[in-house]
Amino acid sequence: MGGRLIDGKALASSLRAAFKTRVAALSAQGHRPGLAVILAGENPASQVYVRNKVDACEAVGIFSLKIDYPANVPQETLLAKIADLNADPAIHGILVQLPLPDHIDEEAVLEVIAPEKDVDGFHAVNVGALAQGNPRFIPCTPYGVMKMLEANRIDPAGKEAVVIGRSNIAGKPMALLLLGANATVTVCHSKTRDLAAHARRADILVAAVGRPRFVTADMVKPGAVVIDVGINRLPAEEGGKLCGDVDFEAVKEVASLITPVPGGVGPMTITMLLANTIEAAERELET
Ligand code: NAP
């Protein structure tokens, strides 16, 4: 008997339907939420992500501004544009699509975004607030995972949660959120000894590794909730399809609940970007 699917696509679309009402209410007060997305270079995956973000904004009525630069854009140009956007009253969220070209200092760019417009939650101020248990903007991918757990009535309190991966975008904020929700959290990474033994203890197992089918069925405790953050493109000889970090077909036979790829965490990530942008506009109106 297989585990139940956590349908990220369905949850994303019900949340987005509710966002339309909030955006309409803000717009009626002359305060339409606005998101600026900066893309530097021609990375094809980044172009798709940016297009998806812009389309998702338009679908719920958020104003979106897409700003494209060539790969050789000077860092000063990016910093000056962000300064303009920080001061622009029509813009409530600023997102710089990562990765940036090699000659640009990513940290320096992220740090000039005004923390109150940092809808990705990557600015040190927002990372610090999350670490202190007082989040202002939560990074969109782990935020989406928490919403998926909540929608499926999975309360992390007292549970063993194991996060594989410790990136600033996914693994680290995921671990902080689960800790904030009172799980007992273990973070595994490339230097972890006997990772499978840690994984097997998990009631909630989150994979954010970037390696196709890294989590195999023997690494999963029967009845565990398995969240697959990975988005990997298989080589052409394997069909070129998208694949998660979890060996879905085998693991779904062991897990009680599991997210598919595609259709799991991915749609929730963009949804939480919309949520953060609307939240930013609402907060500004309150001040
Ligand atoms: P990342 O920055 O490359 O981090 C990968 C993490 O996995 C690192 O902490 C690394 O450990 C760990 N790792 C790599 N190989 C390992 C191994 N053999 N054993 C144990 N740990 C290992 O990647 P990321 O940005 O977090 O992304 C992870 C995956 O999630 C990717 O597939 C990415 O495309 C996907 N993603 C999806 C979404 C979404 O919307 N669903 C959003 C963001 C990312 P070290 O720290 O020790 O190197």
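Here is what the cut-offs are and how they apply
Residues numbered from 1 in each chain as written. Predicted model: local features only at pLDDT ≥ 70, side-chain atom pairs only at ≥ 80, totals over all residues. Heavy atoms only, no water. Pairing = 2+ DSSP bridges. Helix = DSSP H or I, 4+ residues; strand = E, 2+ residues; numbered from the N terminus. Contact = heavy atoms within 4.5 Å. Axes fitted to C-alpha atoms, helices over the stretch in contact; angles between N-to-C directions. Buried < 20%, exposed > 50% of the residue type's maximum accessible area, 1.4 Å probe, protein only. Left-handed = near helix turned anticlockwise from the far one by under 90°. Nonpolar A, V, L, I, M, F, W, Y, C, P; charged D, E, K, R; others polar. Near = heavy atom within 4 Å. Polar contact = N/O pair within 3.5 Å; in protein donor to acceptor, adjacent residues only side chain to side chain. Patch = residues over 30% accessible without salt bridge, like charges linked within 9 Å, V, L, I, M, F, W, Y side chains within 5 Å. Areas by Shrake-Rupley, 256 points an atom, 1.4 Å probe, with all protein chains shown as cover. Salt bridge = Lys/Arg side-chain N within 4 Å of Asp/Glu carboxyl O. Core = buried A, V, L, I, M, F, W, Y, C linked by side-chain atoms within 4.5 Å. Arc of directions from axis to C-beta.

Asks: Explain the sheet that holds strand β5 (residues 160-164) to me, please; I cannot follow it from the model alone.
Replies: Sheets are built from strands paired through backbone hydrogen bonds, the pairs being either parallel or antiparallel. If you trace the 6 strands from one edge of the open sheet to the other, you get β1-β11-β8-β7-β5-β6, paired in parallel fashion. Whereas interior strands pair on both sides, the edge strands pair on one side only; in this sheet they are β1 (4-5) and β6 (184-188). Here helix α7 (residues 171-180) sits on the sheet in contact with β5, β6 and β7 (204-207), set at roughly 170° to β5.

Asks: Would you take a moment to explain the pairing of strand β4 (residues 93-96) for this structure?
Replies: Along a regular strand, successive side chains alternate from one face of the sheet to the other. Here β4 shows two buried faces, one formed by Gly93 and Leu95 and the other by Ile94 and Val96. Pairing between strand β2 (residues 34-40) and β4: 4 bridges, direction parallel. Pairing of Val37 across the sheet is with Leu95, part of β4.

Asks: Just to check I follow, could you spell out the environment of His189 for this structure?
Replies: Within the secondary structure layout, His189 lies in the loop between β6 and α8 (195-200). With 148 residues separating them in the primary sequence, His189 and Gly41 have C-alpha atoms 30 Å apart. What His189 contacts, discounting residues up to four positions off in sequence, is Arg166 and Leu195.

Asks: Looking at this structure, I do not really get the packing of helix α6 (residues 140-151) against α7. What am I missing?
Replies: Pairs of packed helices are described in terms of their axes, by the angle between the two and the distance that separates them. At a minimum axis distance of 9 Å, the contact between α6 and α7 shows a crossing angle of 40°. Of the two possible hands of crossing, α6 and α7 adopt the one that is right-handed. Between α6, through Pro142, Tyr143, Val145, Met146 and Leu149, and α7, the contact on the second element is made entirely by Pro173, Met174, Leu177 and Leu178. Class assignment of the residues belonging to the contact of α6 with α7 gives a composition of 9 nonpolar, no polar and no charged.

Asks: Explain the site of the ligand here, please?
Replies: As a matter of local geometry, the ligand sits amid 21 residues, with Arg166, Ser167, Ser190, Arg211 and Thr269 nearest to it. In the model, an oxygen atom of the ligand is placed 3.0 Å from a nitrogen or oxygen of the Ile231 main chain. In the model, an oxygen atom of the ligand is placed 2.7 Å from a nitrogen or oxygen of the Thr269 side chain. Per-element accounting of the shell around the ligand gives the leading share, 3 residues, to helix α10 (residues 265-286). Across the shell around the ligand, the residue classes tally to 9 nonpolar, 10 polar and 2 charged.

Asks: What is the right way to look at a nonpolar patch on the surface in this model?
Replies: Judged by side-chain polarity, Tyr49, Ile231 and Leu242 come together as a nonpolar surface patch covering roughly 250 Å² of accessible area. Mapping Ile231 onto the fold places it in the loop between β8 (225-228) and β9 (232-233).

Asks: In this structure, what is going on with the nonpolar core? I would like to understand it.
Replies: A general tendency of soluble globular proteins is for nonpolar side chains to be buried together. Counting 52 residues, the largest nonpolar core has Leu178 and Ile227 as its most contacted members. If one sorts the elements of this core by residue count, α10 sits on top with 10 residues. Counting residues in hydrophobic clusters, the runner-up holds 19 residues, among them Ala40, Val109, Ile113 and Phe122.

Asks: I would appreciate a short explanation of helix α5 (residues 124-131) in the present structure.
Replies: Working note: α-helix, 3.6 residues per turn, so residues spaced by three or four point in the same direction. When we look at burial in α5, the residues that qualify are Asn126, Ala129 and Leu130. Here the buried residues of α5 occupy an arc of 100° about the axis, which is enough to place them on one side. As for α5, its buried residues are in contact with α7. Two residues or fewer past α5, Gly133 is found with a positive phi of approximately 80°.

Asks: What is the right way to read the sheet that holds β2 from this model?
Replies: Spatially, 3 strands are ordered β3-β2-β4 in an open sheet, and the strand pairing comes out parallel. The sheet terminates laterally at β3 (63-69) and β4, the two strands that pair on one side only. Along the sheet, successive strands turn relative to each other by an average axial angle of 15°, direction set aside. Sheet contacts for helix α3 (residues 75-87): β2, β3 and β4; angle to β3, the most-contacted strand, approximately 165°.

Asks: Even after reading the chapter, I still don't get unusual backbone geometry, so can you show me in this structure?
Replies: What you tend to see is this: most non-glycine residues have negative phi, and most peptide bonds are trans. The peptide bond linking Leu98 to Pro99 adopts the cis configuration, its omega dihedral lying at 0°. Inspection of the secondary structure puts Pro99 in the loop between β4 and α4 (106-112). Its identity as a non-glycine residue notwithstanding, Asp194 has a phi of 50°, on the positive side. For Asp194, the position within the fold is in the loop between β6 and α8. For Asp194, a relative accessible area of 53% gives the class exposed. In this structure, Arg213 is a non-glycine residue whose phi angle is positive, near 55°. Secondary-structure assignment places Arg213 in the loop between β7 and β8. Its relative accessible area of 39% is what places Arg213 among the partly exposed residues.

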